[in-house]
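# Working through the structure, step by step
Below, each chain spelled out in residue letters.
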Amino acid sequence: MAHYWFSFYDLAYARQSLGLWLMLDCIRDAEQRGLKNYYLGTVYGPNALYKTNFAPLEWWGEAGWSRDIQLLKSLI
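Residues numbered from 1 in each chain as written. Predicted model: local features only at pLDDT ≥ 70, side-chain atom pairs only at ≥ 80, totals over all residues. Heavy atoms only, no water.

Going through the model one piece at a time under the given rule, you end up with 1 aromatic pair. Considering the side-chain rings of Trp60 and Trp65, the 5.3 Å spacing of their centres and the 75° angle between planes classify their relative orientation as edge-to-face. You'll find Trp60 and Trp65 in the same group, each marked exposed. (Phe/Tyr/Trp six-rings, centres within 6.5 Å; stacked < 30°, edge-to-face > 60°. Buried < 20%, exposed > 50% of the residue type's maximum accessible area, 1.4 Å probe, protein only.)

Between its first and last C-alpha atoms helix α1 (residues 18-32) spans 21 Å; for 15 residues at 1.5 Å apiece the expected length is 21 Å, and the two agree. Within α1, burial applies to Gly19, Met23 and Ala30. Along the axis of α1, the buried positions cluster into a sector of 35°, meaning they face one direction only. Facing away from the buried side of α1, by more than 90 degrees, are the exposed residues Glu31 and Gln32. The secondary structure elements touched by the buried residues of α1 are β1 (2-3) and β2 (38-39). (Helix = DSSP H or I, 4+ residues; strand = E, 2+ residues; numbered from the N terminus. Expected span 1.5 Å × (residues − 1). Arc of directions from axis to C-beta. Contact = heavy atoms within 4.5 Å.)

Below, the discussion takes up a nonpolar patch on the surface. Taken together, the side chains of Met1, Trp5, Phe6, Phe8 and Tyr39 define a hydrophobic patch exposed on the protein surface, amounting to about 720 Å² of accessible area. As for its placement among the helices and strands, Phe6 is situated in the loop between β1 and α1. (Patch = residues over 30% accessible without salt bridge, like charges linked within 9 Å, V, L, I, M, F, W, Y side chains within 5 Å. Areas by Shrake-Rupley, 256 points an atom, 1.4 Å probe, with all protein chains shown as cover. Salt bridge = Lys/Arg side-chain N within 4 Å of Asp/Glu carboxyl O.)

Here the focus is the nonpolar core. Counting residues in each nonpolar core, the largest one holds 6 residues, listed as Val43, Ala48, Leu57, Trp59, Ile69 and Leu72. With near-sequence residues (within four places) excluded, Leu72 lies in contact with Val43, Thr52, Leu57 and Trp59. (Core = buried A, V, L, I, M, F, W, Y, C linked by side-chain atoms within 4.5 Å.)

This part covers the confidence of the model for the chain. Regions with low pLDDT carry predicted coordinates that are not meant to be interpreted in detail. Summing up the model confidence of the chain, the mean pLDDT is 86 and the portion of residues at 70 or higher is 100%. At the level of individual helices and strands, the chain shows its lowest average pLDDT in β1, which scores 80, and its highest in strand β4 (residues 64-66), which scores 93. (pLDDT = per-residue confidence, 0-100.)

Among the secondary structure elements, Lys51 is positioned in the loop between β2 and β3 (59-61). The buried charged residue Lys51 lacks any salt bridge, with Glu58 as its nearest oppositely charged partner at 16 Å. Among residues more than four places away in sequence, those in contact with Lys51 are Leu40, Gly41, Thr42, Val43 and Leu57. (Lys, Arg positive; Asp, Glu negative; His and termini not counted.)

This is the structure:
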């Protein structure tokens with residue numbers, strides 16, 4: 001398992017989605033190392049909805065682990 005938190009970079013590159021590319025690079029690296037799970041952090045607000053584009057995605061809710069992305073989006 002691996003975990004990705006905030007990336008730090010020059011904000012001049014923000015419009016080029018550098019943060020997303022850094023996250024993808026870390027995920028690819030974890031996959032190459034044979035890691036089974038990757039934690040992208042919480043999806044508490046609309047700004048984090050981009051994380052729902054990763055598949056397969058599981059999230060922790062009141063009933064345990066879920067793959068119901070529509071439910072996750074409705075909770076935001």
